[in-house]
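Fold and contact review
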Amino acid sequence: MLWSLLKILFFVILVAALAYGAGILMETGPGLRVAVADMEFVLGPLQAVILALLTVVGVWLLLRVAGFLVALVRFLNGDETAISRYFSRSRERRGFQALADGMLALASGEARLAMSNAAKAERFLRRPDLTNLLSAQAAEMLGDKGRARDIYKKLLGDDRTRFVGVRGLMKQKLAEGDTETAIKLAEKAFVLKPRHAETQTTLLQLQANAEDWKGARKTLNAKLRHGNIPRDLHRRRDAVLAVCEARDLMVDGDEPRARDLSIEANKLSPDLVPAAVMAARAYHAQGREKQAVRVLRRAWEAQPHPDIAAAFAELVPDETPQDRILRFAQLTDVRPDDPETRMLTAELAIAAEDFPAARKALGDLADTAPTVRALTLMAAVERGLGSDDEVVRGFLAKALSAPRGPQWVCDSCATIQPAWAPVCGHCGGFDTLAWKPAPANQAALAGASDMLPLLVGGGLEKSAD
Ligand SMILES: [Zn+2]
C-alpha cells in the first residue's frame, strides 16, 4: 500500500521534472544549427535532444543488422556461428537421443532396433567410438558374427576403443575354439590394460591350458600386483605353475633347474602334495636327506596322501621291511590317528608279515571308514592271520561296493581325476583339484555281486554282516 503510494508519487515528480526540463530547453534561445549541402536547419533545443536519441537508436539498429549479416556470411562459408551452433546442438541432441534409444533397445533385447538406432546416432553424431560399441553389441546379440567382427576391427583403429576391439575379437575366437589366436589377442589385451581383471583371468586360463607355465606365472604376478588375487591364493597357484614348469624341465633333461624350481614351489606352498613330492626327490638327488624328510613330514601334517608315503619310501629304496617300519615312524608319528596313516602302518606291517600289528593299526577302520583300501587291507590281514575264507571273502565283497576314499576331485565340475594335474581334464578349470572323498554318486561301484559272482555271489548275505 505504502509502496504503491510511493511509486505514484515518484512518477508524478518525474513527469514534473521532465516538463520543467523541457521548459528550460525551450527558453534557451536557438539550439542547434545544422548545414546539409546547401540547406540549413535550425533545431530547437528539444528537437536536438530528440534527434540525438534517434541517432543513438539508429546506430544501434545498424550495428545489429551488420552483425547478423556478418554471421550469415560466415555461416554460408561454414564457420561456426550462432546459427551453425544452433543446428549442431539440435543434431547432437537427436544423435544422443538415438544413442540412448539404442542402448535401451539393447537392454531390452531388441537387437535390430538397437542396430538402426546406432546407425541413426552415427549419422547425427559422427562419433564412431561411441556408436560402433553399440553396433557391435547389437550384432553380437543378433548372432551376426561377421558384422560384429568387422566392427571390432574398426574399433582397433582408435586408441580409445582398441582394447574393446581386441577383447571382442578374443571372445569370438574363444567361442570358435581358436585358442591359438585367442591367446595372442589376450596377450595384446593384457599389454593394453594390464590391470583388467577379466583379461588377466582369461589369459592365465589360456596359458595354463596351453601349458605355457612361464607366461602364466607372469600373468599371475600381474594379478597380484594389481590386487586381483589374495596373496595366499597367489602363492599356491604360483607353486602349481612352478611344479608344472619343473616337470617339463625334468622331461627336457634340465634336472638342476627342475630341482631348484621344485624346491621353490614347495617353499611357496608346503601343503601342495605334488610340490612336496618333487621337492623331496630334488633334495634326495642333492644328497640333502634331512630336508627331504622335513618337506614330506610337513606335507603329511597338512594332508596325509599316498604319494607322500611313496616319495618317503623312495628315499631308501632297498631297505628291509623291518628297517622300513622303523624309518617310517618319522612320518607316521605326525598324524597317527588319520585313516591314511593307519592304513600306511598296516601296509608296512603286512609287508613285514606282522599281521597282528597290521590288525592293530587298522583297528575299527573297517567299520568307521570302510573304504575299498581299508577293507582290502582287512581281507589281507585276515588271510595272513589264517582266518576262515568266508571272513576274507566277506571283506572283499564289502570292498567291492565301498567308497573309494579320498581322490583328486575337481571343485568346479566334481569329477574324479586319475592323477593330480594343474588343469581339470574334464572342465579345464585351473587349480581346481582337491584331495577329498568323491561325491556319493560317483564313489561306489554298482552291484557288488555282479563284479565277482562266483566268489561272493552266494556267501554275500551271510558274510557281509
Ligand atoms: Zn573340472
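Note that the structure is predicted; figures quoted are calculated from it, not measured.

At this site the zinc ion is bound by C410 (SG), C413 (SG), C424 (SG) and C427 (SG), with donor distances of 2.2 to 2.3 Å. Given 4 donor atoms and angles of 105 to 112° at the metal, the environment of the zinc ion is assigned as tetrahedral. When its relative accessible area of 22% is taken as the criterion, C413 is described as partly exposed.

The next point concerns the UniProt feature "transmembrane region" (unreviewed entry) in the protein. Those places that UniProt annotates as "transmembrane region" (unreviewed entry) correspond, in this numbering, to residues 45–76. Spanning residues 45–76, this segment combines 100% helix with 0% strand, and its end C-alpha atoms are found 47 Å apart.

The next thing to look at is the packing of aromatic side chains. Summed over all chains, the structure comprises 3 aromatic pairs. Seen in terms of ring centroids, F312 and F328 are 4.7 Å apart; in terms of plane orientation they differ by 75°. Their pairing is edge-to-face. With F312 in helix 15 (residues 306–314) and F328 in helix 16 (residues 321–332), this residue pair connects regions lying 16 residues apart in the sequence. Given a relative accessible area of 0%, F312 falls into the buried group. For R123, the ring lying beneath its charged end belongs to F124, and the centroid distance is 5.8 Å. The cationic tip of K193 hangs over the ring face of F163; the distance from NZ or CZ to the ring centre is 4.9 Å.

Right, let's get into the side chain of T219. Relative to the helices and strands, T219 is located in helix 10 (residues 213–225). A relative accessible area of 1% means that T219 is categorised as buried. In contact with T219, other than residues within four places in its own chain, are F190, Q200, L203, L204 and Q207.

Criteria and cut-off values
Residues numbered from 1 in each chain as written. Predicted model: local features only at pLDDT ≥ 70, side-chain atom pairs only at ≥ 80, totals over all residues. Heavy atoms only, no water. Donors = N, O, S within 2.8 Å, 3.2 Å for Na, K, Ca; no water. Tetrahedral: all angles 85-135°; square planar, octahedral: opposite > 155°, others 65-115°. Buried < 20%, exposed > 50% of the residue type's maximum accessible area, 1.4 Å probe, protein only. UniProt positions renumbered as here; feature names shortened; annotations may be inferred. Helix = DSSP H or I, 4+ residues; strand = E, 2+ residues; numbered from the N terminus. Phe/Tyr/Trp six-rings, centres within 6.5 Å; stacked < 30°, edge-to-face > 60°. Lys NZ or Arg CZ within 6 Å of the ring centre and 35° of its normal. Contact = heavy atoms within 4.5 Å.

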